[in-house]
Amino acid sequence: MAADTHFEVFLKKNRKAPWTLFEAQDDREAAIRLAHGVFAKNKTGSVRVTKEVYDEDARTFRSVPICELGAEKFAADEEKDGTASLPCLSPEDLSKPHARDTIRRVLTAWFERLQALPMELLHRPDLVEKLEASGTDLQGAVQKVAIASARDSDADVHGYVKQLNELVQMALTRIYQDARAQRLPDYPDSKPFKDIASEIHAGDQRAYLLRAAMANRLKSARKYGDKLDALLDMADKLGVEGPVRDFALAEIDNYAAEVISFDAGMTALLGQCRDSGEMLERLTCLFDGDPGAEAINYAPGVCKRMARYIGKSEVDACRSVIAKALLAELERPKRLRPSSLSEELRLARELAQKLVMSPDSLLPTDALIKAFAARSARLLHPETIDELLKHARDPDEEVERLLALEENIVGETNKQKLAGFVQGLLGSQTVLGWYLRGPGKPLERLASLTAHQRRVLKGHYPAREKAELASAIDALGMKIIDESKILNAVEAGDRPALDKATGLLRLATAGALPAGQCAQDAQARALRHLKSAAGASEAATAEGKAKLKQIQTMLVQLAPRAKAA
């Protein structure tokens, strides 16, 4: 009895989560090292390594636990007596999108190693031979699908393994028989693709035969980038509109979508990007179908070619893959611009405006908001905040930078957290000392605080945090007023009472005093002068009436500010 062996690492993220296959390894020690690494990153979970030995007689794998980490032990599957039932019943079913996607996922490493595609595998005997000769690749793929299928059904893994093996054998037999009977068409370079597509379109089994012809042509394209160029060359040669073009272009789209579904294929399309931000820019331009976008000027030529077809709405499958890649990249923990936080903020804001403000069924608004909220949360890590405040001229600029961050983050929880950072900064002794006794005139520092408060009130903080921030800025302003006696200086001297009242109100209305207690203090002082005997006497004169009218205008202006604060 022959046996093939590999080792599988399973992860259970928490007590309620299911066991999931994390990765398969050929080497025992490598699998155990991987298990310890996974467990180190998932301390609340559990990890298990099994030795998988293929039993040729039973045509299934036998599992033996060799390493278990964490509180949860991998319980044996409960006895299941149901009948395995796969959604794919015939070789033709394997060509359907869902089946091809499953084939891609369980054989990703093998496909990328050969720079091949699921569609090619289903139509090229030479690839089938390589897969059969690869050892555990095919058996491991069958086992993965069987485990996943059995998890949510009443049939056991063995039943699914048996059914999958039968399906695979039928598919392989079909390819070999079609090759021997010369039913798989060639695609010689000398024959225009339009002519080949027209001939196949006029007969039976059109999709199968055209895919086989395309697979034959792609055999000479060794790299994913070469395959994309070859596929777009086929599209370029289809000519004007018509049923043949629509038929052939749909298959070209399916093939190209498979190429860029692989990481190596997406790299071939986008080129090497210096960071996650550049990758997102190129993906966004592709998704928009904009071949003239600056972001793809330095991408491979195939990127611009693909953008043209996307712009004409002719490769919907490719656009769908690009949308998924775009969302996935947004959700990654990588910084968009590791070298420059200011550039990262600018880019994140531009991407958010461009994507969220232009809703598309492939990029749901709620999914985008969730992705940008997750990215915003990473901008609020203490080390990122430290980087943001680094090299600020003074505490006032630190406050300004933190408040400016609000325009670049998404999510109520994130804005609450940012408000906490601002509150902490405003309450620090360094900031307090600078505003009370810093350089410049007290009125200049009060004016800076007023601008900060105005920014807070225009922002999109939650109501409670907005009110607390505005109040904290106002309270700091009152400390400046008490320390500097600035309002006392306005009231001092022998000037007329109405002039003193006007001066006090002008400070409040001209943006020199924060709304709240600061403005109310100035307003209360002004009203005392207005109601004093000297004020009443002045108001009775012609000159005083003009001053009184100006005072009344400023009091009206202060009313909404007091309400907002």
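Residues numbered from 1 in each chain as written. Predicted model: local features only at pLDDT ≥ 70, side-chain atom pairs only at ≥ 80, totals over all residues. Heavy atoms only, no water.

Engineer: Give me the lowdown on the overall build of the protein chain, citing residues and values where you can.
Structural biologist: The helix and strand inventory of the protein chain stands at 28 helices and four strands. Its C-alpha radius of gyration of 35 Å places the protein chain more than 25% over the 24 Å reference for a compact globule of 565 residues. By principal-axis analysis of the C-alpha atoms, the protein chain measures approximately 115 × 65 × 40 Å. Evaluated residue by residue, the protein chain yields a buried proportion of 48% over its 565 residues. (Helix = DSSP H or I, 4+ residues; strand = E, 2+ residues; numbered from the N terminus. Rg over C-alpha atoms; globule rule 2.2 N^0.38 Å. Buried < 20%, exposed > 50% of the residue type's maximum accessible area, 1.4 Å probe, protein only.)

Engineer: Which residues make up empty space enclosed by the protein, and what values do they have?
Structural biologist: Counting across every chain of the model gives two cavities of 30 Å³ or more. Along its surface, the largest cavity is lined by Pro91, Ser95, Leu122, Ala171, Arg174, Ile175 and Tyr208. By residue number, the principal contributor to the lining of the largest cavity is helix α7 (residues 157-180), which donates three residues. Of the residues in the lining of the largest cavity, the class split is five nonpolar, one polar and one charged. (1 Å grid on protein atoms, 1.4 Å probe; cavity = no way out; pocket = protein on both sides within 12 Å on 5 of 7 lines; lining within 4 Å. Points joined across faces, edges and corners; volume = space filled by probe spheres on them. Nonpolar A, V, L, I, M, F, W, Y, C, P; charged D, E, K, R; others polar.)

Engineer: I'd love a proper account of the layout of surface pockets, names of residues and values included.
Structural biologist: Its volume calculated, the largest pocket comes out at about 1,200 Å³. Lining the largest pocket are 45 residues, and of these Val106, Leu107, Ala141, Val142 and Val145 lie nearest its centre. Elements supplying a minimum of two residues to the lining of the largest pocket: β2 (20-25), α2 (97-106), α3 (108-114), α5 (125-133), α6 (136-151) and α7. Classifying every residue of the lining of the largest pocket gives 29 nonpolar, nine polar and seven charged.

Engineer: Residues and numbers for helix α26 (residues 517-531), please.
Structural biologist: Here α26 is 15 residues long and its end C-alpha atoms lie 21 Å apart, about the 21 Å a rise of 1.5 Å per residue gives. Considered for burial, the residues of α26 that qualify are Cys518, Ala519, Asp521, Ala522, Arg525, Ala526, His529 and Leu530. (Expected span 1.5 Å × (residues − 1).)

Engineer: Outline helix α8 (residues 193-201), listing residues and values.
Structural biologist: Those residues of α8 that sit buried are Phe193, Ile196, Ala197 and Ile200. Each buried residue of α8 sits inside an arc of 95° when the element is viewed along its axis, so together they form one side. Buried residues along α8 sit in contact with α9 (206-218), α10 (224-236) and α11 (243-261). (Arc of directions from axis to C-beta. Contact = heavy atoms within 4.5 Å.)

Engineer: With reference to specific residues and values, describe the pattern of salt bridges.
Structural biologist: Using the criterion set out here, one finds 40 salt bridges in the structure. The partner of Lys415 in a salt bridge is Glu406, with the nearest N and O atoms 2.7 Å apart. Residue Lys415 is classed as buried on the basis of its relative accessible area of 10%. For Arg525, the salt bridge identified is with Asp521, shortest N-O distance 3.2 Å. You can see Arg525 and its partner Asp521 sitting in helix α26, four residues apart, about one turn around the helix. The class for Asp521 is buried, based on a relative accessible area of 19%. It is possible to trace a salt-bridge network through shared partners that takes in Arg274, Asp275, Glu278, Glu281, Arg282 and Arg337. (Salt bridge = Lys/Arg side-chain N within 4 Å of Asp/Glu carboxyl O.)

Engineer: Give me the packing of aromatic side chains: which residues, what numbers.
Structural biologist: The tally for this structure, following the rule as stated, stands at five aromatic pairs. Aromatic pair Phe111 and Phe262: ring centres 5.7 Å apart, planes at 55°, arrangement tilted. Taken together, the residues Phe111 in helix α3 and Phe262 in the loop between α11 and α12 (263-270) connect sequence positions 151 residues apart. Here a set of aromatic residues connected by ring pairs shows up, and it is made of Trp110, Phe111, Tyr224 and Phe262. In this structure, Arg206 packs its charged tip against the face of Phe247, placed 5.6 Å from the ring centre. (Phe/Tyr/Trp six-rings, centres within 6.5 Å; stacked < 30°, edge-to-face > 60°. Lys NZ or Arg CZ within 6 Å of the ring centre and 35° of its normal.)

Engineer: An account of the side chain of Glu52 is requested, with residue identities and associated values reported.
Structural biologist: Among the structural elements, Glu52 can be located in strand β3 (residues 46-55). No salt bridge is formed by the buried Glu52; its nearest oppositely charged neighbour, Arg48, is found at 5.5 Å. In terms of polar contacts, Glu52 uses its side chain to reach the side chain of Thr50, at 2.5 Å. (Lys, Arg positive; Asp, Glu negative; His and termini not counted. Polar contact = N/O pair within 3.5 Å; in protein donor to acceptor, adjacent residues only side chain to side chain.)

Engineer: Can you lay out the side chain of Lys547 for me, pointing to particular residues and giving the numbers?
Structural biologist: For Lys547, the position within the fold is in helix α28 (residues 542-564). Residues in contact with Lys547, not counting those within four places in the same chain, are Pro496, Leu498 and Asp499.

Engineer: Lay out the packing of helix α19 (residues 395-405) against helix α20 (residues 412-426) with the relevant residues and their values.
Structural biologist: Running from amino to carboxyl end, α19 crosses α20 at an angle of 170°, the nearest separation of the two axes being 10 Å. Relative to α20, the element α19 lies roughly antiparallel. Contact residues: α19 offers Glu398, Val399, Leu402, Leu403 and Leu405, while α20 offers Leu418, Phe421, Val422, Leu425 and Leu426. Residue composition of the contact of α19 with α20, grouped by class: nine nonpolar, no polar and one charged. (Axes fitted to C-alpha atoms, helices over the stretch in contact; angles between N-to-C directions. Parallel < 35°, antiparallel > 145°, perpendicular 65-115°, else oblique.)

Engineer: Can you break down the packing of helix α21 (residues 429-437) against helix α22 (residues 442-458) residue by residue, with the values?
Structural biologist: Remark: α21 packs on α22, axes separated minimally by 8 Å, with the N-to-C direction vectors making an angle of 130°. By the angle class used here, α21 and α22 are oblique. Residue-level contacts link Trp434, Tyr435, Leu436 and Arg437 of α21 to Arg445, Leu449 and His452 of α22. Broken down by class, the residue content of the contact of α21 with α22 amounts to four nonpolar, one polar and two charged.

Engineer: Summarise the environment of Glu314; cite the residues concerned and give the values.
Structural biologist: Summarising the element assignment, Glu314 is placed in the loop between α14 (301-311) and α15 (316-331). With relative accessibility at 22%, the residue Glu314 sits in the partly exposed group. A C-alpha to C-alpha distance of 62 Å links Glu314 and Gln429, two positions 115 residues apart in sequence. For Glu314, the residues in contact, after removing those within four places along its chain, are Arg245, Leu249, Asp253 and Tyr309. Looking at Glu314, its side chain comes within polar contact range of the side chain of Arg245, at 2.8 Å.

Scope: geometric values only; no functional claims are made or implied.
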